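# Observations on the model geometry
One-letter residues, chain by chain:
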Amino acid sequence: MKIMLVAAVAGLVSLTACSKSPEAQAVQNNAEMMQDALDNAADNLEDMADNTANAAAAQSMENQADALEQASENVGDAADAKIDNMN
């Protein structure tokens, strides 16, 4: 039963991907790459914060990581809005 559900969801996802214009797909791909880069930078900052002995520096790095994660979400939202306007 679970396999059939996963297969159905995968089929629906592939159908929605096929219905996008090349321009919309490019916007989505670029946004995903930007989000990955921002998320990786945030992860690196969090790792650095975990490995520092300076509490103030650690907090600053955590705050910067949070800002990068928010920026990543904003990129995704902006891309979604752009794609919606293309269709």
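Everything below is about the structure printed above this text.
About the cut-offs
Residues numbered from 1 in each chain as written. Predicted model: local features only at pLDDT ≥ 70, side-chain atom pairs only at ≥ 80, totals over all residues. Heavy atoms only, no water. Core = buried A, V, L, I, M, F, W, Y, C linked by side-chain atoms within 4.5 Å. Buried < 20%, exposed > 50% of the residue type's maximum accessible area, 1.4 Å probe, protein only. Helix = DSSP H or I, 4+ residues; strand = E, 2+ residues; numbered from the N terminus. Contact = heavy atoms within 4.5 Å. Axes fitted to C-alpha atoms, helices over the stretch in contact; angles between N-to-C directions. Parallel < 35°, antiparallel > 145°, perpendicular 65-115°, else oblique. Expected span 1.5 Å × (residues − 1).

## Regarding the nonpolar core
Looking at soluble globular proteins, one finds that nonpolar side chains tend to be buried together. Core analysis: the biggest nonpolar cluster contains six residues, these being A42, L45, A49, A58, M61 and A65. If you list the elements that add at least two residues to this core, you get helix 2 (22–50) and helix 3 (55–86). When residues no more than four places from it in sequence are discounted, the contact partners of A58 are A49 and T52.

## Observations concerning the packing of helix 2 against helix 3
At a closest axis distance of 8 Å, the pairing of helix 2 and helix 3 adopts a crossing angle of 170°. On the basis of the axis angle, helix 2 is roughly antiparallel to helix 3.

## Section: helix 2
When the terminal C-alpha atoms of helix 2 are compared, their 42 Å separation across 29 residues agrees well with the 42 Å that a helix rising 1.5 Å per residue should span. Turning to helix 2, its buried residues are A24, A31, L38, A42, L45 and A49. The elements touched by buried residues of helix 2 are helix 3.

## Some words on the environment of L45
Tracing the sequence through the fold places L45 in helix 2. Since its relative accessible area comes to 14%, L45 is described here as buried. Linking L45 and N63, residues 18 residues apart in sequence, is a C-alpha distance of 9.2 Å.

## Focus: the environment of D77
Relative to the assigned elements, D77 resides in helix 3. Overall, the relative accessible area of 51% leaves D77 in the exposed class. Sequence separation between D77 and A31 is 46 residues; the distance between their C-alpha atoms is 9.3 Å.

## Side note on the side chain of S72
As for its position among the elements, S72 is in helix 3. Residue class for S72 comes out buried when judged on its relative accessible area of 3%.

All we've got here are geometric facts, nothing functional implied.
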